[in-house]
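Reading the structure
Here's the letter readout for the chains.
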Amino acid sequence: MSEGRVLVIDADEERSQALRTVLEFVHCRAQVTDRPSDIAATSPRDWDAVILGKLAADPLAELLHWLRRDRLHAPLLVLQPYYDAVLDLSGLDRSACLQLDTPVRYAQLSELLRRAGQMSPADAGASGSGRRSLGPTGNSAAVRRVRRLIEQVAGFDTTVLITGESGTGKEVVARAIHERSNRARQPFVAVNCGAIPHELLESELFGHEKGAFTGAITARKGRFEMADGGTLFLDEIGDMPLSMQVKILRVLQERTFERVGANRSSQCDVRIIAATHRNLEDAIVKGSFREDLYYRLNVFPIEMPPLRERLEDLPLLIEDLIQALERSGHGSVRLAADAVHALRAYHWPGNVRELSNLIERLAVLHPGASVGVADLPPRYRARIECAPRAATADSWDEPESDPEAPLPVHSFATPATCAAAHVELPPGGVNLKDHIETIELALIRQALQQAGGVVAHAAKLLSTRRTTLVEKLRKYGLSREVAA
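What you see is a predicted model, and the numbers here were worked out from it, not measured in a lab.

Calculation notes
Residues numbered from 1 in each chain as written. Predicted model: local features only at pLDDT ≥ 70, side-chain atom pairs only at ≥ 80, totals over all residues. Heavy atoms only, no water. Helix = DSSP H or I, 4+ residues; strand = E, 2+ residues; numbered from the N terminus. Buried < 20%, exposed > 50% of the residue type's maximum accessible area, 1.4 Å probe, protein only. Core = buried A, V, L, I, M, F, W, Y, C linked by side-chain atoms within 4.5 Å. Axes fitted to C-alpha atoms, helices over the stretch in contact; angles between N-to-C directions. Parallel < 35°, antiparallel > 145°, perpendicular 65-115°, else oblique. Left-handed = near helix turned anticlockwise from the far one by under 90°. Contact = heavy atoms within 4.5 Å. Nonpolar A, V, L, I, M, F, W, Y, C, P; charged D, E, K, R; others polar. Pairing = 2+ DSSP bridges. Patch = residues over 30% accessible without salt bridge, like charges linked within 9 Å, V, L, I, M, F, W, Y side chains within 5 Å. Areas by Shrake-Rupley, 256 points an atom, 1.4 Å probe, with all protein chains shown as cover. Salt bridge = Lys/Arg side-chain N within 4 Å of Asp/Glu carboxyl O. Lys, Arg positive; Asp, Glu negative; His and termini not counted. Charge placed at Lys NZ, Arg CZ, Asp CG, Glu CD. Phe/Tyr/Trp six-rings, centres within 6.5 Å; stacked < 30°, edge-to-face > 60°. Lys NZ or Arg CZ within 6 Å of the ring centre and 35° of its normal. 1 Å grid on protein atoms, 1.4 Å probe; cavity = no way out; pocket = protein on both sides within 12 Å on 5 of 7 lines; lining within 4 Å. Points joined across faces, edges and corners; volume = space filled by probe spheres on them.

**Concerning the environment of Leu 98**
You can see Leu 98 is positioned in strand S5 (residues 97–100). Assessed through its relative accessible area of 5%, Leu 98 is described here as buried. Separated by 17 residues in sequence, Leu 98 and Arg 115 place their C-alpha atoms 9.1 Å apart.

**Here's the deal with the nonpolar core**
Ranked by size, the top nonpolar core spans 30 residues in total, and within it Leu 205, Phe 224, Leu 234 and Ile 248 carry the most contacts. For this core, the secondary structure elements donating two or more residues are strand S7 (188–192), helix H7 (198–206), strand S10 (231–235), helix H9 (242–254), strand S13 (271–276), helix H10 (280–286) and helix H11 (291–297). At five residues, the largest contribution of residues to this core is made by H9. Ranked by size, the runner-up nonpolar core spans 25 residues in total, among them Ile 322, Ala 339, Leu 362 and Tyr 380.

**Quick notes on the packing of H7 against H9**
The geometry of a pair of packed helices is captured by two quantities: the angle between their axes and the separation between those axes. Two numbers describe how H7 lies on H9: the axes approach to 11 Å, and their chain directions differ by 15°. By the angle between their axes, H7 is roughly parallel relative to H9. Taken as a pair, H7 and H9 cross one another with a handedness that is right-handed. Facing Leu 201, Glu 202, Leu 205 and Phe 206 of H7, the residues of H9 in contact are Met 244, Lys 247, Ile 248 and Val 251. In terms of residue class, the contact of H7 with H9 is made up of six nonpolar, no polar and two charged.

**As for the pairing of strand S3 (residues 49–52)**
Residues in a regular strand point their side chains to alternate faces of the sheet. The alternating pattern of S3 places Ala 49 and Ile 51 and Val 50 and Leu 52 on opposite faces, both of which are buried. Inspection of the sheet shows strand S1 (residues 5–9) paired to S3 by four bridges, in the parallel sense. Paired with Leu 7 across the strands is Val 50, a residue of S3. With three bridges connecting them, S3 and strand S4 (residues 76–79) associate as parallel partners. When the sheet's bridge partners are listed, Leu 52 is paired in S4 with Val 78.

**As for unusual backbone geometry**
Of note, the amide linkage connecting Thr 102 to Pro 103 takes the cis form, showing an omega dihedral of -5°. Within the fold, Pro 103 resides in the loop between S5 and helix H4 (106–119). Positive phi values are uncommon outside glycine, yet Trp 348 reaches one of about 50°. Relative to the helices and strands, Trp 348 is located in the loop between helix H13 (337–345) and helix H14 (351–365). On the accessibility criterion, Trp 348 (0% relative accessible area) is buried.

**Describing a negative patch on the surface**
A cluster of acidic residues, Asp 12, Glu 13, Glu 14 and Asp 34, forms a negative patch at the surface. Assignment of secondary structure puts Glu 14 in helix H1 (residues 13–25). Judged by relative accessible area, which is 69%, Glu 14 ranks as exposed.

**A few points about the sheet that holds S1**
Spatial strand order, S2-S1-S3-S4-S5: five strands in an open sheet with parallel pairing. Both edges of this open sheet fall to strand S2 (29–33) and S5, since each of them pairs with a single strand only. Recorded for the sheet is a direction-independent mean angle of 20° between the axes of neighbouring strands. In this sheet, S5 lies alongside S4 in parallel orientation, the contact comprising four bridges. By the bridge assignment for S5, Val 78 is matched with Gln 99. Packed onto the sheet, H1 meets S1, S2, S3 and S4 and runs at close to 175° relative to S2.

**Some points on the sheet that holds strand S14 (residues 300–303)**
A sheet is described by the order of its strands in space; here five strands give the open sequence S7-S10-S13-S6-S14, paired in parallel fashion. A single partner strand is all that each edge strand has here, and the edge strands are S7 and S14. In this sheet, adjacent strand axes meet at a mean angle of 20° when their direction is disregarded. One ladder, built from five bridges, connects S7 with S10; its direction is parallel. Note that in S10 the partner of Ala 190 across the bridge is Phe 233. Each of strand S6 (160–163), S13 and S14 touches helix H5 (residues 141–154); the most contacted strand, S14, lies at about 155° to it.

**Quick word on the packing of aromatic side chains**
On inspection of all chains with the given rule, the structure shows eight aromatic pairs. When the centroid spacing of 4.8 Å and the interplanar angle of 85° are considered together, the rings of Tyr 346 and Trp 348 count as edge-to-face. Judged by relative accessible area, which is 3%, Tyr 346 ranks as buried. An aromatic cluster of at least three residues, connected via ring pairs, comprises Phe 206, Phe 224 and Phe 257. Against the face of Tyr 380 rests Arg 379, its NZ or CZ located 5.7 Å from the ring centre.

**Some details on the layout of surface pockets**
If you add up the space inside the second largest pocket, you get close to 970 Å³. Taken together, 35 residues form the lining of the second largest pocket, with Gly 167, Gly 169, Glu 171, Val 172 and Arg 353 sitting closest to its centre. For the lining of the second largest pocket, the elements supplying multiple residues, two or more each, are helix H6 (170–179), helix H12 (314–327), H14 and helix H18 (466–475). For the lining of the second largest pocket, a count of residues per class yields eight nonpolar, 13 polar and 14 charged.

**Focus on H7**
Among all positions of H7, only Leu 201, Ser 203, Glu 204, Leu 205 and Phe 206 are buried. Downstream of H7 by a residue or two, Gly 207 has a phi angle that is positive, lying close to 85°.

Keep in mind these numbers describe shape, not what the thing actually does.
Have a look at this one:
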């Protein structure tokens, strides 16, 4: 963190001055104080790191209040004797509080400052000072890794392939890359390749000339032309038909395309970012995706982690989604600590998109109110109710146990019944992915049967969105069944 701004706040004057000397040696600008009132006029994001030592109860409370002003506050390096107490009192996310051993060792301090530099507000998203977004909300190791990759690739015109489950925020990553690139002032055009009928996809991407087909009464630009000079985001490219994959490959190779019905080629200057929730390597083996196109797209891969693997980001995500609702005029809601605790235990198959839908639903059902665990829909509190003992939480902190430790077995009770917690693993093991898909397929079939084949009604029975169910129907090849 060369030339970084570091605040040292410690009642031990001798130790704080020693820290200042070390920080200046590694080219950091340090300010030392033992009174939080000295920095009250500054913003918590004005610093790249805050080193906290010994403070009395009142000054400590004042400092923590100052930090909570801004969720993008500087990372906190807490001296080891005070680390546990600060975590207990602060209500800050554990991943934003780093432990610094005493006596302070140069090697560890340098490493923690480096990590703090990767977590600092300058890298954490847009601010009131006009910083551009750097991707997904959160402070977990997985999200910080994604933000670093975005920062590394944004300045180049390299083709990017974003992978991850549906609802993880792949378009958020694509937009962040565009906003931090030299194309930021040019268009960002997104197209969902799986949502457009195959027979219309070519016209949608490349445009068409007047009279090219029945109904083409005027010429029309395609998405490539609309994105000229900017970025074209091809979402769900794994759903693109093979016939179109050939044409996309040609565009990537030659940077030219032809409108439907045209007899001349057009040049295009676009950066391609593609995304998919499918395993394209498996699709290549099955013959549904071209291997040469895969290697053209997979120049710089970024994988978005599912929400269940970064649950420590849940409080920040909830706060962001509530703020987005308020900005859009769609109401507001607050979640009590026990509700957040219940949501931590949920498995989030729909990822951040499902969380967004839940927050909007709660804002409609409980406008302006504080939502407790009893107010959550049943599926979100099932695991809490199935646990052998009641679980409570007084804050949004991580539990005091090792955050890397696996969850207890009872935490994985299924939403439908606690009996699933007692399912035994066969001696020969089981293919978990195939087993889950078998269960999912059986439930979808039952829902369709109960709904008389009406997809919208079946989606309600499964508490999922209609578009999500349509994707799964296509995945399992059930389209004909539904039509029948």
